[in-house]
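Chain by chain, the residues run as shown.
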Amino acid sequence: MFLEIKDLCVDLGQFKLENINLSIEKGEYLILIGPTGSGKSVLLETIIGFYKENSGEILLNGEKINNILPENRHIGIVYQDHVLFPNMNVYENIIYGLKRNKELSEQEMDEKVKEIAKILEIDHILTRDVTTLSGGESQRTALARSLIVEPDLVLMDEPFSALDVSTQNKLISIIKKIGKEKNTTFLHVTHNFNDIWNLADKVGVMKNGSLHQIGSVFNVFSKPANDFVADFVGIQNVFEGKIKKNNQNHLVNVNINDNITLVSSDVEVCSHLEDYTNVLVTIRPENIIFSNESMNSSAKNILKGTVIDVTYSGPIMGITVDVDGIVFKGLLTRSSFQSLDIQVDKDIYIIIKSLNVHIMDRYSSFKLEKS
Amino acid sequence: MRSKFEWLFIIITSVITILFFIVIGNMFLIPTYEGFIKALFSQQMIFAIGLTLSTSVVSAILVILCCIPMAYTLSRYEFRLKWLFKIILDLPMAFPEIVIGIALLMFLGNYGISRWLGFFGVNLVFNSAAIVIAQFFVALPYAIKMLYSTFNYVDSRYEFVSRSLGYSESDTFFNVTLPLAKQGLFATSIITLARCIGTFAAVLFVGGGILMKTETLSIAMYLNLSTGDIDMAITAGILLVIISFVTIAVMEKYVKEQYV
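Computed from a predicted model, the values in this text were never measured in an experiment.

A. Structural view of the overall build of chain A. Tallying secondary structure elements over chain A gives ten helices and 20 strands in all. Burial status across chain A gives 53% buried among its 371 residues. Taking the contacts inside chain A whose residues are at least 6 apart along the sequence as the reference set, 67% of them involve residues at least 24 apart. Accessible surface computed for chain A: about 17000 Å², of which carbon and sulfur atoms make up 45%. Counting 37 positive and 49 negative side-chain charges, chain A places the centres of these two groups 2 Å from one another.

B. Layout of the nonpolar core. Judged by nonpolar contacts, the single largest core of 62 residues is most densely connected at A:Leu3, A:Leu22, A:Leu43 and A:Leu187. The dominant element in this core, judged by the number of residues it contributes, is helix α7 (residues 128-153) of chain B, at eight residues. If we skip the residues at most four places from it in the chain, A:Leu3 touches A:Leu22, A:Ser23, A:Ile24, A:Ile47, A:Ile58, A:Leu59, A:Leu60, A:Leu153 and A:Leu187. Within the second largest apolar cluster, 50 residues are counted, among which are A:Leu104, A:Met109, A:Val113 and A:Met360.

C. A look at empty space enclosed by the protein. Residues and elements named next belong to chain B. Scanning the entire structure with this criterion turns up two cavities of 30 Å³ or more. Looking at the largest cavity, its volume works out to about 60 Å³. Among the secondary structure elements, those contributing two or more residues to the lining of the largest cavity are α4 (82-94) and α7. Here the lining of the largest cavity is composed, by residue class, of four nonpolar, no polar and three charged. One number sums up the size of the second largest cavity: a volume of about 30 Å³. Where the lining of the second largest cavity is concerned, the elements lending two or more residues are α7 and α10 (182-198).

D. Inspection of the sheet that holds strand β6 (residues 75-79) of chain A at higher detail. Residue and element names in this part refer to chain A. With mixed pairing, six strands are arranged side by side in an open sheet as β6-β7-β8-β3-β9-β10. Only two strands of the sheet have a single neighbouring strand rather than two, namely β6 and β10 (210-216). Pairwise comparison of adjacent strand axes, ignoring direction, gives a mean angle of 15 degrees for this sheet. In terms of strand pairing, strand β7 (residues 153-157) meets strand β8 (residues 185-190) through five bridges, oriented parallel. When the sheet's bridge partners are listed, Met 156 is paired in β8 with His 188. This element, helix α4 (residues 135-147), spans β6 and β7 of the sheet and lies at about 175 degrees to β6.

E. Just the domain arrangement of chain B, in detail. All names here are of chain B. Domain boundaries in chain B define domain 1 (1-30) and domain 2 (33-254). Between the C-alpha centres of domain 1 and domain 2 there is a distance of 30 Å. Across the contact, four residues belong to domain 1 and six residues belong to domain 2. Summed over both partners, the interface of domain 1 with domain 2 buries about 440 Å², with 93% contributed by carbon and sulfur atoms. When the buried area of domain 1 at its contact with domain 2 is split by residue, Met 27, Phe 28 and Ile 30 rank highest and sum to 91% of it. The interface formed by domain 1 and domain 2 includes zero salt bridges. For the pair domain 1 and domain 2, the interface holds zero residue pairs in polar contact (both at pLDDT 80 or more).

F. Representation of the packing of helix α3 (residues 43-76) of chain B against α7(B). All names here are of chain B. Where α3 meets α7, the axes come as close as 6 Å, and the angle between the chain directions of the two elements is 40 degrees. For the crossing formed where α3 meets α7, the hand is right-handed. For the contact of α3 with α7, a count of residues per class yields 21 nonpolar, seven polar and one charged.

G. Fine view of the layout of surface pockets. The volume enclosed by the largest pocket comes to roughly 580 Å³. In terms of lining residues, the largest pocket is bounded by 19 residues, among which A:Phe50, B:Arg76, B:Tyr77, B:Phe160 and B:Arg163 are the most central. When contributions to the lining of the largest pocket are tallied by element, the ones reaching two or more residues are α3, α8 (156-164) and α9 (169-180) of chain B. Looking at the lining of the largest pocket residue by residue, the classes come out as nine nonpolar, four polar and six charged.

H. Quick look at the interface of chain A and chain B. Counting from both sides, the interface comprises 24 residues of chain A and, opposite them, 18 residues of chain B. Buried area between chain A and chain B, summed over both chains or domains, comes out near 1900 Å², and the portion from carbon and sulfur atoms is 65%. When the area that chain A buries against chain B is broken down by residue, the three leading residues are A:Phe50, A:Glu71 and A:Tyr96, summing to 31%. Remark: the boundary between chain A and chain B carries two salt bridges.

I. Quick peek at the packing of aromatic side chains. Taken as a whole and judged by the stated rule, the model has 16 aromatic pairs over all chains. Note on A:Phe50 and B:Phe160: the rings are 3.8 Å apart at their centroids and 15 degrees apart in plane angle, and the pair reads as stacked. One end of the pair, A:Phe50, is in the loop between α1 (40-47) and β4 (55-60); the other, B:Phe160, is in helix α8, on a second chain. Exposure remark for A:Phe50: the relative accessible area of 15% places this residue in the buried category. Note on B:Phe160: relative accessible area 16%, which makes it buried. Members of the aromatic cluster, joined through ring pairs, are B:Tyr72, B:Tyr77, B:Phe151, B:Phe173 and B:Phe174. Seen from the ring of B:Trp7, B:Arg2 lies directly overhead, with NZ or CZ sitting 5.7 Å from the centre. When the ring centre of A:Tyr79 is taken as origin, the NZ or CZ atom of B:Arg157, which lies over that ring, is 4.7 Å away.

Rules used throughout
- As a convention, each chain's residues are numbered from 1 in the sequence order in which they are written.
- All chains are assigned letters beginning at A, and all ligands numbers beginning at 1, according to the order in which they are written.
- Two thresholds apply to this predicted model, a pLDDT of at least 70 for residue-level local features and 80 or more for giving and counting side-chain atom pairs, whereas whole-chain, interface and lining totals are computed over all residues.
- Derived side-chain values reflect all non-hydrogen atoms in the structure, with water molecules and hydrogen atoms excluded from consideration.
- Helix and strand definitions here come from DSSP, where helices need a minimum of 4 consecutive H or I residues and strands a minimum of 2 consecutive E residues; each element is numbered from the N-terminal end.
- Using a 1.4 Å probe on the protein chains alone, a residue whose accessible area is under 20% of its type maximum counts as buried, one over 50% counts as exposed, and one in between counts as partly exposed.
- Contact definition: two residues touch when any of their heavy atoms are within 4.5 Å.
- Only the protein chains shown count as cover for residues, and the accessible areas themselves come from Shrake-Rupley with a 1.4 Å probe.
- For the purpose of counting charges, residues Lys and Arg are taken to be positive, whereas Asp and Glu are taken to be negative. His and the chain ends are not included.
- To locate a charge, take atom NZ for lysine, CZ for arginine, CG for aspartate or CD for glutamate.
- Nonpolar cores are built from buried Ala, Val, Leu, Ile, Met, Phe, Trp, Tyr and Cys residues. Side-chain atoms within 4.5 Å join them into one set.
- Grid spacing is 1 Å over the protein atoms alone, the probe is 1.4 Å, and a cavity is where that probe fits but cannot get out, while a pocket is an open set with protein on both sides within 12 Å along at least five of seven lines and lining residues have an atom within 4 Å of a point.
- Grid points are joined across faces, edges and corners, and a volume is the space filled by probe spheres set on the points.
- Put simply, Ala, Val, Leu, Ile, Met, Phe, Trp, Tyr, Cys and Pro go in the nonpolar bin, Asp, Glu, Lys and Arg in the charged bin, and everything else, Gly too, in the polar bin.
- Two strands are said to pair when DSSP picks up at least two bridges between them.
- Orientation is described by lines fitted to C-alpha atoms, with helices fitted over the stretch in contact, and by angles between N-to-C directions that extend from 0 to 180 degrees.
- Domain borders in the structure are assigned automatically or taken from a domain database.
- By buried area we mean the combined loss of accessible area, with a 1.4 Å probe, across both parts when two parts are placed together.
- The rule for a salt bridge is simple: a side-chain nitrogen of Lys or Arg has to be within 4 Å of a carboxyl oxygen of Asp or Glu.
- Think of a polar contact as two N or O atoms within 3.5 Å of one another; within protein, one of them needs to be a possible hydrogen donor and the other a possible acceptor, and neighboring residues in sequence only count if both atoms come from side chains.
- Put simply, a crossing is left-handed when the front helix is turned counterclockwise from the back one by less than a right angle, and right-handed when it is turned clockwise.
- To pair, rings of Phe, Tyr and Trp, with the six-membered ring standing in for Trp, must have centres within 6.5 Å; the planes then decide the type, stacked if under 30 degrees apart, edge-to-face if over 60, and tilted in the middle.
- We call a charge positioned over a ring when the NZ of a Lys or the CZ of an Arg lies within 6 Å of the ring centre and within 35 degrees of the ring normal.

Laid out in structure tokens, this is it:
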């Protein structure tokens, strides 16, 4: 592992980070998400050495760095509001980190500044006062200042949140390119799910100073470890039920109420649970298939309900269906919506594969998934 | 179009400012021109000006050298009894200057460390060194307070970024923190100098108020007022007003709004 954090606890009086465990491989891109005040920024500033941990270990490249001063950790940081030195121009900000390297000549430093400025497309503003820059130009300058010293790890604290969408997209593609070319490892905190789709190899979800889940993007979004993660990552179908294992078929039945039983293939999750244990079931909206007729298919869950609401979000339609008092939410493209002639109060079938019915142990809400 | 509220506040500000101007300006009308020139170029006044400026510059330099690490410590670091340190350092601003004067006289004089200092031939009362000490103790709390606010304005993340780029804590302090605090530091220096120049009660007690020995401008004003030489007293007062006006004007001109 390139970066490994073991049982990290930080007590700042009014706020605590508790038992943080995570790891990143060299060249990987980890994104941490979570509500405001969940401790994402504190975690970054602890990794870089500005907060002292109360217990736990931080290992970088196999070396314990807990007692190494921030200036010797070779970790860069980029903040949401850029934090460019206001008493220096763009060029002086970028070259600042190189100046302490006595092995580099003035000319070599100058070449490096111009090279990184060209990659980040700020070579035309090098003499500008930083107080006159746009948000995108400031963030590129901050990135250049951090990347020019070739840190082992780059920490990014909501780097795109103050930028417009087009600037965000440009920066995302530049970061992707740099990450690929230089095999740079990134740890990035954000509220923006687009950053995850575009950049992340792995995702962690934090709340109240705890890391609730970390894993591949697919795992976190399709198999949230608990109800908070499910809610935060936007899974809208979360139900409580009692399990009944069906060992012969390697399936688990979950009774949501007297009339609805969902079939799931999450046998492993339930292996330690007794029958009739309370669990939570999650289904991502995009994993629900709509049909006007019941069909003979491989899907184990076919339920008949009534459309009670339709919402529009650009080309995607949100469909809410009531099945015996249980509300399911699904997504459809506009063309499918039209071809099915979906209307409020119309009866419709919803079809869900058992693979897409995920079970969470209701009473072990803190579960760390390593993947 | 100004609102009634705006007018009311502008009027209150104008009336009180004009009152200040009249009270201070009135002093300039009292002495005759000849009396003023004679007092200004008297040996006593020239001595007082020289002593005031020399001791104040030394005191202000010492205050700034001490208040930079102290204000930074209070702004950035957490340690036990920090709250008590802050109260102790703020205390001299809350009680009359004369209390510092008496306390320093007791500490430096025969009731304090004078007996030990005497062994080494050092005397810290009733001389120029005593004036510097008095000015230092009076001005330091104000300087710390001002610079503490300045350092609080400098976002500590500038320092985080600098250190993440490989600079040590001390390099970061000199490369980033101090340059970003330079406006506040300049303002603090000017106010400190003005405060040192204007120190009276503490200087009177520790310096002894000795004619042509520990006679600063404020002491000259006091001594001449006591002996009825109004021209000398008022001239000293006018000089103090002019020096203060120039220092404050310089500060207003060069200290722009903090950009951090």
